[in-house]
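Here is what each chain is made of, one letter per residue.
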Amino acid sequence: MVLSWISSLWNDNTTFYIIIIPLTTYLVSHWGTCLVFTILDLTLKPLEDFKVQQGSISKLDTWLVGKHILKSIIINLKLQFFFVLPLLVIHRFQFWIQSKEFSLETQLIPSFPKMIFQFITLILSQEFILYCLHRFILHEIDKIFQKVHKKHHLQKYPFCVDALIMHPVELLVDTIPNIINMIIIQPYFWVHIFFIFYITTFNLIIHSGFLIFYNHPKIQNWIPIIKILNQLIKDHDLHHQYEIGNYGTMRFLDYLFKTRTRDYQKSLSVNF
Ligand SMILES: [Zn+2]
Ligand SMILES: [Zn+2]
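What comes next concerns the included structure. Chains are numbered independently. Their residues run from 1 in the order of the written sequence. Chain labels run from A onward and ligand labels from 1 onward, assigned in the order the entries are written. In keeping with the model being predicted, local features are shown solely for residues with a pLDDT of at least 70 and side-chain atom pairs are shown and tallied solely at 80 or more, while totals for entire chains, interfaces and linings include all residues.

Focus on the packing of helix 8 (residues 189–208) against helix 10 (residues 224–242)
One can describe the packing of helix 8 onto helix 10 by two numbers: an axis separation of 7 Å at closest approach and a directional angle of 70°. By the criterion of interaxial angle, the relationship of helix 8 to helix 10 is roughly perpendicular. Our pair here, helix 8 against helix 10, has a crossing hand that is right-handed. Taking contact as the criterion, the partners of Ile 205, Ile 206, His 207 and Ser 208 in helix 8 are, on helix 10, Leu 232, Ile 233 and His 236. Angular values range over 0 to 180 degrees, each being the angle between N-to-C directions of two axes fitted as lines to C-alpha atoms, with helices fitted over their stretch in contact. Each helix is a run of DSSP H or I of at least 4 residues and each strand a run of E of at least 2, with the numbering of both proceeding from the N terminus. Orientation categories follow fixed angle ranges, with anything under 35 degrees roughly parallel, anything over 145 roughly antiparallel, 65 to 115 roughly perpendicular, and all other angles oblique. Two helices that cross are described as forming a left-handed crossing if the nearer one is turned anticlockwise from the farther one by less than a right angle, and a right-handed crossing if clockwise. By the convention adopted here, residues make contact when the C-beta atoms placed from their backbones lie within 7 Å.

Some details on the nonpolar core
In this usage, the nonpolar core is the set of buried Ala, Val, Leu, Ile, Met, Phe, Trp, Tyr and Cys residues whose C-beta atoms join them within 7 Å. Exposure in this text rests on C-beta crowding, where 20 or more other C-beta atoms within 10 Å of a residue's own make it buried, 12 or fewer make it exposed, and counts in between make it partly exposed. The C-beta atoms are placed from the backbone. With 15 residues, the main nonpolar core has Cys 34, Cys 160, Leu 204 and Ile 233 as its most contacted residues. Here this core gets 3 residues from one element, more than from any other, and that element is helix 8. Residues Leu 122, Phe 195, Ile 196 and Ile 199 belong to the second largest nonpolar core, which totals 5 residues.

Concerning the packing of helix 4 (residues 112–139) against helix 7 (residues 176–184)
Here helix 4 crosses helix 7 at 140°, and the two axes come no closer than 9 Å. Classed by the angle they form, the pair helix 4 and helix 7 counts as oblique. Here the hand of the crossing between helix 4 and helix 7 comes out right-handed. Side by side, helix 4 and helix 7 meet where Leu 122, Ser 125, Gln 126, Ile 129, Leu 130 and Leu 133 of the first sit next to Ile 176, Pro 177, Ile 180 and Asn 181 of the second. Here the term charged refers only to Asp, Glu, Lys and Arg, the term nonpolar to Ala, Val, Leu, Ile, Met, Phe, Trp, Tyr, Cys and Pro, and the term polar to all other amino acids, Gly among them. Each residue belonging to the contact of helix 4 with helix 7 can be placed in one class, and the counts come to 7 nonpolar, 3 polar and no charged.

Overview of the environment of Val 148
Of note, Val 148 is situated in helix 5 (residues 142–153). Accessibility expressed as a C-beta count within 10 Å gives 19 for Val 148, which makes it partly exposed. Between the alpha carbons of Val 148 and His 167 there is a distance of 5.6 Å; along the sequence they are 19 residues apart. In contact with Val 148, other than residues within four places in its own chain, are Leu 138, His 167, Val 169 and Glu 170.

Geometric values such as these leave the question of function open.
Shown next as C-alpha cells:
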C-alpha cells in the first residue's frame with residue numbers, strides 16, 4: 001500500500017531533485033574542498049606559516065601525513081555511503097512529503113531578499129541548535145563524550161579530511177538541526193541546495209587548520225572576511241586541542257555564553 005503510493009509519486013523529476021542535485025552538490029563540495037586542502041597539506045610543507053598550529057606538520061613527515069589522510073579518506077567514504085548520503089535523501093524526501101499537495105516546489109525561485117533572509121535564518125538556526133547539542137549533549141554528558149564525541153577529538157591537529165571522522169551516532173545527532181529547520185523554516189529548494197554547499201564547505205575549512213590566504217595583517221585589513229575566517233579556523237583548532245570551549249562555529253554564541261576556550265584559560269593553565 002505504502003510502497004505503491006510512494007512509487008505513484010515517483011517519476012524522473014523526483015529522482016533528479018531528491019537524489020541527483022542534493023547528492024551531487026554535497027559530494028562535489030565535500031571532495032572538491034578536501035582535494036584542495038589535501039594538496040596543500042602534502043605539497044606546501046615549506047609554507048607552514050599558513051598553519052594555525054605552526055610546526056604541526058614538521059612534527060610529522062609527509063609520508064605520515066599522507067598515511068593519515070588516506071586512512072581518513074577511507075573512513076569518509078564508508079560513513080558517506082552508509083550514513084551521510086542515505087540521510088541526505090531521507091531528509092529531502094521528508095521535505096517533499098511535507099510540502100503541500102506533494103508537488104515539487106523545486107522550480108520556485110523566490111525573490112533575492114527572501115532568499116537571503118531564509119539563508120541567514122538557516123545559518124543562525126543551525127548554529128544555535130548545533131551549539132546546544134555540541135555543548136550540552138556531546139561535551140557536558142561525560143559518558144556521551146567518552147563513547148561518542150571522543151572519536152571526533154582524537155585528532156588534536158585536524159586536517160580537512162578529519163571533519164567527518166566521528167561516531168555514526170554523532171552523524172545522527174548532527175542531522176537534528178536539519179530536521180528542525182526543514183519543519184520550521186521550510187526553505188526553498190534552491191536555498192537549501194546552496195545551504196548544503198555552504199555548510200559542507202565551511203565545516204571542512206574550519207577543520208583544515210589552514211589560515212586562508214595567509215595570516216598577514218595587511219591582507220587581513222584589506223579583506224576583513226579573511227580575518228574573520230582565520231579566527232574561526234583558529235577557534236575550532238583550539239577546540240580540538242583542548243576539548244573545552246569554542247562549541248560554536250561562528251564565535252558569537254561562545255562570546256554570549258562565555259564559553260570561549262580562552263575563558264577556561266585558568267583551569268587549563270595555558271596561555272592563548
Ligand atoms: Zn571538529
Ligand atoms: Zn567537540
